[in-house]
Number of protein chains: 2
Amino acid sequence: MARAESKKLKDAPEKTTRIQEINRRLILDAALDVFSTYGFRGTTIDQIAERAGMSKPNLLYYFPRKQNIYVTLLEETLTEWLAPLAEIDAEGDPIEQLRKYITLKINMSETHPEASRLFANEILHGAPAISDFLTKYLKPLVDEKAGVIRRWVGEGKLAPVDPYHLIFMIWATTQHYADFDVQVRAIMGSQVGRPGFKEQTAQAVLSIILGGIKPRN
Amino acid sequence: MARAESKKLKDAPEKTTRIQEINRRLILDAALDVFSTYGFRGTTIDQIAERAGMSKPNLLYYFPRKQNIYVTLLEETLTEWLAPLAEIDAEGDPIEQLRKYITLKINMSETHPEASRLFANEILHGAPAISDFLTKYLKPLVDEKAGVIRRWVGEGKLAPVDPYHLIFMIWATTQHYADFDVQVRAIMGSQVGRPGFKEQTAQAVLSIILGGIKPRN
DNA sequence: CAAAAACTTGACTACTTGGTCAAAATGCAG
DNA sequence: CTGCATTTTGACCAAGTAGTCAAGTTTTTG
């Protein structure tokens, strides 16, 4: 019976071999690069295959459809991308919690700009592949954190501000540096690469947003 | 010789007929819709032709290449899109000037979301068609206005803030509502369509940003 | 109104690209 | 080492799409 397990069992965890693990990873990594640069339609399977260092039919052996790669990629990174939001602690100090959140987001924009661009592109085109995710997973999470922020405002710990718009503003500003990178570079030139640029950015974003929501007495 | 003018003269203003004017407009309007939704690669000439109500060869009679439509469209809207920035008046009241600018941008995001998405998509994919524009036209303009803001800060009329990051933040937040519309809708639901939503948005954005840059005494 | 110019289109071509397939190569358990 | 399962790939196909073209239709002009 031990052998039978290696055959497909209805709900079995689909045993994955060593080679499968390696190649799926290679493909997904390559696909992230390419999809985030050219979008879904703008990307060809050949491009991904070449970057992953394998033939197209080989790639299709692991992901039978182009869509599969794309969706797997989105799912894989979405939760991770949202993790910082989930970490906002209702019991913590409001300004401190938001400072932490914004800082984390700026770091992510800097370290994983491809992930940011992948989402941005997907949303920009109407989120055909993840609209379910948006309503079933993202919305409840945002609703919850909006509730937390609203409570903080009610307790006078923050200036009166619409929590949803505050969250959108944080997303917009932090992801801007990843999504609109070429524009930022075109305008700020060589500064962008320089060490300390990220810190300077974080400083500017934090001072404006936090300054804008600190309670006035 | 009067007739000779109708023939192509090197630098002549390329006489355009009534029909040309109408059809070019039809094509560009249709193309804006389609390109802003599906991106350059995701758009087919047939789609544009159908939406413009003409045959594909007919469309190609006016714009011999798909690229031509796209580039014309970008150029046509880019300057218009930037106009509000140019209007910032160094002699005016800083807070008032920025309030006006932000309000104009939010209005544009609401009235021309397709234009916003067209640019967003182009920038997201590395701005292959307009990188020249960015450095030759956008950068100087931003540099100038950044200078104005820096002066205001120096005069103590604004809290110390990096002018470039402030401008990016305004762009990011205002355009977010056009570019990430589906996400905003997924989260805020029916509120988005409601009358007054735009005003509420403007109010939230203005209060945070302006609150964040008002001078502290 | 007649000829010229401008406009329109059905049919077609060349090329790209997602996906198939059968056969070969490789890995692995006994 | 042997035989079975997994992995790999060259060759191929069908669909989709940018762009052409020659032949027609409409508009403009003298």
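Below: a short report on this structure. The numbering scheme is per chain: residues are counted from 1 as the chain's sequence reads. Naming scheme: in the order in which they are written, chains are lettered from A and ligands are numbered from 1. Restriction of local features to residues with pLDDT of at least 70 applies here, the model being predicted, together with a cutoff of 80 or more for giving and counting side-chain atom pairs; totals for whole chains, interfaces and linings are based on all residues. Side-chain numbers come from the whole structure's heavy atoms, not from hydrogens or water.

## So, the overall build of chain A
1) Next: Only DSSP runs of H or I reaching four residues or more are called helices, and only runs of E reaching two or more are called strands; each is numbered from the N terminus. Within chain A, the regular secondary structure consists of 10 helices and zero strands.
2) Next: Each helix (α) and strand (β) of chain A, taken in turn from the N terminus, gives the series α-α-α-α-α-α-α-α-α-α.
3) Next: Seen along its three principal axes, the alpha-carbon backbone of chain A occupies a region of about 70 × 50 × 30 Å.
4) Next: Here chain A, with 217 residues, has 51% of them falling under the buried criterion.
5) Next: Counted over contacts in chain A with a minimum sequence separation of 6, partners at least 24 positions apart contribute 69%. Accessible area is worked out with a 1.4 Å probe on protein chains only. A residue is then buried under 20% of its type maximum, exposed over 50%, and partly exposed in between. Any two residues having at least one pair of non-hydrogen atoms within 4.5 Å are treated as being in contact.

## Re the packing of aromatic side chains
Residue and element names in this part refer to chain A.
1) Next: Here a Phe, Tyr or Trp ring, Trp counted by its six-membered ring, pairs with any other such ring whose centre lies within 6.5 Å, and the pair is stacked when the planes are under 30 degrees apart, edge-to-face when over 60, and tilted otherwise. Going through the model one piece at a time under the given rule, you end up with 16 aromatic pairs over all chains.
2) Next: A centroid spacing of 5.7 Å and a plane angle of 75 degrees characterise the contact between Trp81 and Phe119, whose relative ring orientation is edge-to-face. One end of the pair, Trp81, is in helix 4 (residues 66-86); the other, Phe119, is in helix 6 (residues 113-124), with 38 residues separating them in the sequence. As far as the burial class goes, Trp81 and Phe119 line up, both buried.
3) Next: Cluster of aromatic residues (ring-pair linked, three or more members): Phe35, Phe40 and Tyr70.
4) Next: Placement of a charge over a ring requires the Lys NZ or Arg CZ to be within 6 Å of the ring centre, with the centre-to-atom vector within 35 degrees of the ring normal. The side chain of Arg24 reaches across the aromatic face of Phe63, ending 5.6 Å from its centre.
5) Next: Of note, Lys66 hangs over the ring of Phe40, and the distance from its end group to the ring centre comes to 4.5 Å.

## Quick word on the pattern of salt bridges
1) Next: Put simply, a salt bridge is a Lys or Arg side-chain nitrogen that is within 4 Å of an Asp or Glu carboxyl oxygen. Following the criterion strictly, the structure yields 20 salt bridges over all chains and no others.
2) Next: Notably, a salt bridge pairs Asp46 of chain A with Lys56 of chain A, separated by 3.6 Å at the nearest N-O pair. Taken as a pair, Asp46 of chain A in helix 2 (residues 45-52) and Lys56 of chain A in helix 3 (residues 56-62) lie far apart in primary sequence, 10 residues in all.
3) Next: For Lys56 of chain A, a relative accessible area of 36% corresponds to the partly exposed category.
4) Next: Taking the shortest distance from any N to any O, the salt bridge between Lys136 of chain B and Asp132 of chain B comes out at 3.2 Å. Of this pair, Lys136 of chain B and Asp132 of chain B both sit in helix 7 (residues 131-154), four residues apart, roughly one helical turn.
5) Next: Assessed through its relative accessible area of 61%, Lys136 of chain B is described here as exposed.
6) Next: Asp132 of chain B gets classed as partly exposed once you look at its relative accessible area, which sits at 48%.
7) Next: Each of Arg25, Asp29 and Glu76 of chain A takes part in a single network of salt bridges with overlapping partners.

## With respect to the nonpolar core
1) Next: Only buried residues count toward a nonpolar core, which is a set of Ala, Val, Leu, Ile, Met, Phe, Trp, Tyr and Cys residues joined through side-chain atoms within 4.5 Å. Grouped together as the largest cluster of nonpolar side chains are 145 residues, with contacts concentrated most on Ile209 and Ile213 of chain A together with Ile209 and Ile213 of chain B.
2) Next: With residues up to four places along the chain from it excluded, the contact list for Ile213 of chain A reads Ile95, Leu98, Leu158, Ala159, Val161 and Leu166 of chain A together with Ile208 of chain B.

## A closer look at the relation of the copies chain B and chain A
Comparison of the two chain copies shows a relationship of rotation about an axis with a shift along it.
1) Next: Superposition of chain B onto chain A requires a rotation of 180 degrees combined with a translation of 0.0 Å along the rotation axis, giving an RMSD of 0.1 Å. Classification of the inter-copy transformation places it as that of a two-fold axis. No C-alpha of chain B approaches the rotation axis more nearly than that of Gly212 of chain B, which lies at 1.9 Å.
2) Next: Of the residues that chain B buries at the interface, 100% are likewise interface residues in chain A, meaning the two copies contact each other through the same surface. Here the copies were fitted onto each other by least squares, based on C-alpha atoms from residues at pLDDT of at least 70 in both.

## Observations regarding the protein's contact with DNA strand C
All names here are of chain B.
1) Next: Not every one of the 20 residues close to DNA strand C is listed here, only the nearest: Thr17, Gln20, Pro57, Asn58 and Tyr62.
2) Next: A breakdown of the atoms of DNA strand C within 4 Å of the protein gives sugar and phosphate a share of 65%.
3) Next: A distance of 3.0 Å separates a phosphate oxygen of DNA strand C from a polar side-chain atom of Asn58.
4) Next: Amino acids outside the nonpolar list (Ala, Val, Leu, Ile, Met, Phe, Trp, Tyr, Cys, Pro) and the charged list (Asp, Glu, Lys, Arg) are all regarded as polar, and Gly is one of them. Here the residues of the surface near DNA strand C are counted per class, giving seven nonpolar, seven polar and six charged. We call a residue near a molecule or strand when any one of its heavy atoms sits within 4 Å of it. Whenever two N or O atoms come within 3.5 Å, that pair is a polar contact, provided that in protein one can donate a hydrogen and the other can accept it, and provided that, for residues adjacent in sequence, both atoms are side-chain atoms.

## Thoughts on the interface of chain B and chain A
1) Next: The interface is formed by 52 residues belonging to chain B together with 52 residues belonging to chain A.
2) Next: We define buried area as the total accessible area lost by two parts upon association, computed with a 1.4 Å probe and summed across both. Carbon and sulfur atoms make up 71% of the area that chain B and chain A hide from each other, which totals about 4,600 Å².
3) Next: On the chain B side of the interface with chain A, the three residues burying the most area are Leu124, Ile187 and Ile208 of chain B, jointly 16% of the side's total.
4) Next: At the boundary of chain B and chain A, one finds nine residue pairs in polar contact (both at pLDDT 80 or more).
5) Next: Looking at the side of chain B that touches chain A, the elements with two or more residues in it are helix 1 (18-42), helix 6 (113-124), helix 7, helix 8 (163-179), helix 9 (181-188) and helix 10 (197-213) of chain B.
6) Next: The element best represented in the side of chain B that touches chain A is helix 8 of chain B, accounting for 12 residues.
7) Next: Among the residues making up the side of chain B that touches chain A, the classes are represented as 28 nonpolar, 17 polar and seven charged.

## Considerations on the packing of helix 1 (residues 18-42) of chain A against helix 4 of chain A
All names here are of chain A.
1) Next: Two elements in contact, helix 1 and helix 4, have axes whose closest approach is 10 Å; the angle formed by their N-to-C orientations is 95 degrees. In terms of axis orientation, helix 1 runs roughly perpendicular to helix 4. Here Arg25, Ile27, Leu28, Ala31, Leu32, Phe35, Phe40 and Arg41 of helix 1 lie close against helix 4, whose contacting residues are Lys66, Gln67, Ile69, Tyr70, Thr72, Leu73 and Glu76.
2) Next: Class assignment for the residues of the contact of helix 1 with helix 4 results in nine nonpolar, two polar and four charged. For helices, the fitted axis covers only the stretch in contact; all axes are lines through C-alpha atoms, and the angles between them, taken along N-to-C directions, range from 0 to 180 degrees. We call two directions roughly parallel when the angle between them is under 35 degrees, roughly antiparallel when it is over 145, roughly perpendicular when it lies between 65 and 115, and oblique otherwise.

## Here's the deal with the side chain of Gln175 of chain A
1) Next: Looking at where Gln175 of chain A falls in the secondary structure, it is placed in helix 8 (residues 163-179).
2) Next: Exposure remark for Gln175 of chain A: the relative accessible area of 10% places this residue in the buried category.
3) Next: Of the polar contacts made by the side chain of Gln175 of chain A, one reaches the side chain of Trp81 of chain A; its length is 3.3 Å.
4) Next: In this structure Gln175 of chain A touches Trp81, Lys105, Ser109 and Ser116 of chain A together with Phe180 of chain B, once residues within four positions along its chain are discounted.

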